[in-house]
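Chain residues, written in single-letter form:
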Amino acid sequence: MAAPRTDAHDLKAVKSRLDAIVEAVNDDTISLDDALSLYEEAVKLGMKASEIMEADLIGPVDDEPAADAPQDAPASAPANGGE
């Protein structure tokens, strides 16, 4: 059986870092510049998590069909008998 495409370790790392960012921005002593930098990092992390999850939903993308995948049937006569 193939391993799932979602890398749970990556998702856990992203969530862990997002939790740390939330904690940091909740500190009343954080400067506006630092808060903005953390916000930008959080947006990037959110996009990364979204990409990981979407990759899992879409599944593998290959240029060639799998060996056990059905092949396209050859072109046949028109459905209306050529009329």
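Details of the structure are given in the entry above.
**Side note on the nonpolar core**
Thought 1: Val14, Ile21, Leu38, Leu45 and Ala49 together form the largest nonpolar core, which totals five residues.
Thought 2: If you list the elements that add at least two residues to this core, you get helix 1 (8-25) and helix 2 (32-58).
Thought 3: Ranked by residue count, the leading element in this core is helix 2, at three residues.
Thought 4: The contact partners of Ile21, leaving out residues within four places of it in the chain, are Leu38, Glu41, Ala42 and Leu45.

**A short note on the pattern of salt bridges**
A side chain of one charge can pair with a side chain of the opposite charge if their charged atoms are brought near each other.
Thought 1: Across all of its chains, the model carries two salt bridges by this definition.
Thought 2: For Asp19, the salt bridge identified is with Lys15, shortest N-O distance 2.9 Å. Remark: Lys15 and Asp19 occur in helix 1; sequence separation between them is four residues, near one turn of the helix.
Thought 3: A residue is classified by how much of its surface remains accessible, and Asp19, at 41% relative accessible area, is partly exposed.
Thought 4: The salt bridge partner of Arg17 is Glu41, with a shortest N-O separation of 2.8 Å. With Arg17 in helix 1 and Glu41 in helix 2, this residue pair connects regions lying 24 residues apart in the sequence.
Thought 5: What makes Glu41 partly exposed here is its relative accessible area of 28%.

About the criteria used
Residues numbered from 1 in each chain as written. Predicted model: local features only at pLDDT ≥ 70, side-chain atom pairs only at ≥ 80, totals over all residues. Heavy atoms only, no water. Core = buried A, V, L, I, M, F, W, Y, C linked by side-chain atoms within 4.5 Å. Buried < 20%, exposed > 50% of the residue type's maximum accessible area, 1.4 Å probe, protein only. Helix = DSSP H or I, 4+ residues; strand = E, 2+ residues; numbered from the N terminus. Contact = heavy atoms within 4.5 Å. Salt bridge = Lys/Arg side-chain N within 4 Å of Asp/Glu carboxyl O.

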